[in-house]
Amino acid sequence: MLMLITYDISLEDREGQARLRRVAKLCLDYGVRVQYSVFECDIAPDQWVKLKAGLLDIFKPETDSLRFYHLGSKWRGKVEHHGAKPAMDIFKDSLVI
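Quick notes on the rules
- Residues numbered from 1 in each chain as written.
- Predicted model: local features only at pLDDT ≥ 70, side-chain atom pairs only at ≥ 80, totals over all residues.
- Heavy atoms only, no water.
- UniProt positions renumbered as here; feature names shortened; annotations may be inferred.
- Helix = DSSP H or I, 4+ residues; strand = E, 2+ residues; numbered from the N terminus.
- Buried < 20%, exposed > 50% of the residue type's maximum accessible area, 1.4 Å probe, protein only.
- Phe/Tyr/Trp six-rings, centres within 6.5 Å; stacked < 30°, edge-to-face > 60°.
- Disulfide = S-S within 2.5 Å.
- Salt bridge = Lys/Arg side-chain N within 4 Å of Asp/Glu carboxyl O.

## Considerations on the UniProt feature "binding site: Mg(2+)" (unreviewed entry) in the protein
Then comes step 1: Mapped onto this numbering, the UniProt entry gives "binding site: Mg(2+)" (unreviewed entry) at D8.
Then comes step 2: As for its placement among the helices and strands, D8 is situated in strand 1 (residues 2-8).
Then comes step 3: A residue is classified by how much of its surface remains accessible, and D8, at 53% relative accessible area, is exposed.

Structure below.
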């Protein structure tokens, strides 16, 4: 299933930079960065449970924001891309133009 993960990590405290790096690294372990704080993850349900739990452990709910968009297995009809950085077809590991 395809998950879109977005985040906004507060950098107002010293720990914010560390949280930001940890969130990005964890997302990179499971998906592809499509914008600075946006990842597309082709992920099995059991992996999703681990990834979500890891992200929820890292972020600080008082100051940070996480959003999860469940695009499912029929995501191609739901995603439209325009502009720079051609969209990556994460299933075929090739560019979609």
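## Quick word on the packing of aromatic side chains
Then comes step 1: Taken as a whole and judged by the stated rule, the model has two aromatic pairs.
Then comes step 2: Both rings, one in Y7 and one in F39, keep their centres 6.2 Å apart while their planes meet at 20 degrees; by these two values the pair is stacked. In this pair, Y7 sits in strand 1 while F39 sits in strand 3 (residues 38-42), placing the two residues 32 residues apart along the sequence.
Then comes step 3: Since its relative accessible area comes to 7%, Y7 is described here as buried.
Then comes step 4: Classification of F39 as buried rests on a relative accessible area of 0%.

## A closer look at the state of the cysteines
Then comes step 1: Taken as a whole, this structure holds zero disulfides when the rule is applied.
Then comes step 2: Here C27 is not disulfide-linked; the sulfur of C41 is the nearest cysteine sulfur, at 5.7 Å.

## A short note on the pattern of salt bridges
Then comes step 1: Summed over all chains, the structure comprises four salt bridges.
Then comes step 2: A salt bridge links D13 to R19, with the shortest nitrogen-to-oxygen separation between them at 3.4 Å.
Then comes step 3: For R19, a relative accessible area of 7% gives the class buried.
Then comes step 4: D29 is the salt-bridge partner of K25, the closest N and O atoms lying 3.9 Å from each other. Taken together, the positions of K25 and D29, both in helix 1 (residues 15-30) and four residues apart, correspond to about one turn of that helix.
Then comes step 5: Residue class for K25 comes out exposed when judged on its relative accessible area of 54%.
Then comes step 6: Overlapping salt bridges, with partners in common, bring together D13, R19, K60 and D64 in one network.

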